[in-house]
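Listed here are the chains, written in short residue letters.
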Amino acid sequence: MEYIQHHQVDKVSNMLERGLDPNYHDPDTGETPLTLAAHLDNMVEIIVTLKNGGAHLDFRSRDGMTALHKAARAKNQIALKTMLDLGASPDYKDRQSLTPLYHTVTVGGDPSCCEVLLRAHASVGCHDENGWHEIHQACRYGHIQHLEHLLFYGADMHVENASGNTALHICALYKQVCTYTVPLMIQSQLHLNSQ
């Protein structure tokens, strides 16, 4: 794990060649080598080396998240893209049945992570135990560009959470700027109705 943190690709590669199984949990942190690399910067070589050395892309850390979940939470677009290119599933769920897309919408930041997952055919419509979908979370936190991406890729603006609230209700409840989202949602609905 220390070699990964210090970007020592050769040492990681040597350990893998000598038979180290990259699918284990660190006893102190619960991380796997791949989940650790996923939320650090400049890890493309390490991620590829771990994958080539036998790391399972959808192997969960002790907290139930895959490396893709960790990269989404860390807003690490390069790690997301690398793992998706290597075959990681954009729809694998954590212990709360949440996808990397759901996590990237809740943490916000650069909306390119959201777009990368959606372009990789991540399913839209994941919800938490309270019925909050990605679109609700985007409205709750005011992540307008995430909301744009979700609508473009087919998010249902009429979906209700367990309390019966739609995304527009959430905008109002959390006092988020709806002047921009309302036209987008109306335009999205008109587009769907015309098909």
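Keep in mind the model is a prediction, meaning the values are calculated, not measured.

1. Considerations on the UniProt feature "repeat: ANK" (unreviewed entry) in the chain
Next, step 1: Mapped onto the present numbering, the UniProt feature "repeat: ANK" (unreviewed entry) falls on residues 29–62, 63–95 and 130–162.
Next, step 2: As annotated, residues 63–95 comprises 52% helix and 0% strand, and the C-alpha atoms at either end are separated by 8 Å.
Next, step 3: Secondary structure within residues 130–162 divides into 52% helix and 0% strand; the distance between the first and last C-alpha atoms comes to 5 Å.

2. Focus: the packing of aromatic side chains
Next, step 1: In the structure shown here, the tally under the stated rule is two aromatic pairs.
Next, step 2: Each ring, one from W132 and one from Y174, has its centre 6.1 Å from the other, and the planes form 80°; the classification is edge-to-face. Taken together, the residues span a long stretch of sequence, with W132 in the loop between α8 (112–119) and α9 (134–141) and Y174 in the loop between α11 (167–173) and α12 (181–194) at a distance of 42 residues.
Next, step 3: Residue class for Y174 comes out partly exposed when judged on its relative accessible area of 36%.
Next, step 4: Seen in terms of ring centroids, F152 and Y153 are 5.3 Å apart; in terms of plane orientation they differ by 80°. Their pairing is edge-to-face.
Next, step 5: Note on Y153: relative accessible area 32%, which makes it partly exposed.
Next, step 6: For the cation-ring pair, R140 lies above W132, with the distance from its terminal atom to the ring centre recorded as 5.3 Å.

3. Remarks on helix α4 (residues 44–52)
Next, step 1: Turning to α4, its buried residues are I46, I47, T49 and L50. Considered in projection along α4, the buried side chains sweep an arc of 165° and stay on one side of the axis. Summarising the geometry of α4, the exposed residues directed more than 90 degrees from the buried face are E45 and N52.
Next, step 2: Those residues of α4 that are buried are in contact with α1 (2–5), α2 (9–17), α3 (33–38) and α6 (77–86).
Next, step 3: A positive backbone phi angle near 110° is found at G54, which sits one or two residues after α4.

4. Looking at the packing of α9 against helix α10 (residues 144–152)
Next, step 1: Put simply, α9 and α10 touch, their axes get as near as 9 Å, and they point 155° apart. Relative to α10, the element α9 is oriented roughly antiparallel. The crossing of α9 and α10 is left-handed. For the pair α9 and α10, the contacting residues are E134, I135, A138 and C139 in the first and H146, L147, L150 and L151 in the second.

5. Observations concerning the side chain of D26
Next, step 1: Within the element layout of this structure, D26 appears in the loop between α2 and α3.
Next, step 2: For the buried D26, which has no salt bridge, the nearest side chain bearing the opposite charge is R62, at an N-O separation of 6.3 Å.
Next, step 3: At 2.9 Å, the side chain of D26 and the backbone nitrogen of D28 are in polar contact.
Next, step 4: Looking at D26, its side chain comes within polar contact range of the main-chain nitrogen of T29, at 2.9 Å.
Next, step 5: Beyond its immediate chain neighbours, meaning those up to four positions away, D26 contacts M1, E31 and R62.

Calculation rules
Residues numbered from 1 in each chain as written. Predicted model: local features only at pLDDT ≥ 70, side-chain atom pairs only at ≥ 80, totals over all residues. Heavy atoms only, no water. UniProt positions renumbered as here; feature names shortened; annotations may be inferred. Helix = DSSP H or I, 4+ residues; strand = E, 2+ residues; numbered from the N terminus. Phe/Tyr/Trp six-rings, centres within 6.5 Å; stacked < 30°, edge-to-face > 60°. Buried < 20%, exposed > 50% of the residue type's maximum accessible area, 1.4 Å probe, protein only. Lys NZ or Arg CZ within 6 Å of the ring centre and 35° of its normal. Arc of directions from axis to C-beta. Contact = heavy atoms within 4.5 Å. Axes fitted to C-alpha atoms, helices over the stretch in contact; angles between N-to-C directions. Parallel < 35°, antiparallel > 145°, perpendicular 65-115°, else oblique. Left-handed = near helix turned anticlockwise from the far one by under 90°. Lys, Arg positive; Asp, Glu negative; His and termini not counted. Salt bridge = Lys/Arg side-chain N within 4 Å of Asp/Glu carboxyl O. Polar contact = N/O pair within 3.5 Å; in protein donor to acceptor, adjacent residues only side chain to side chain.

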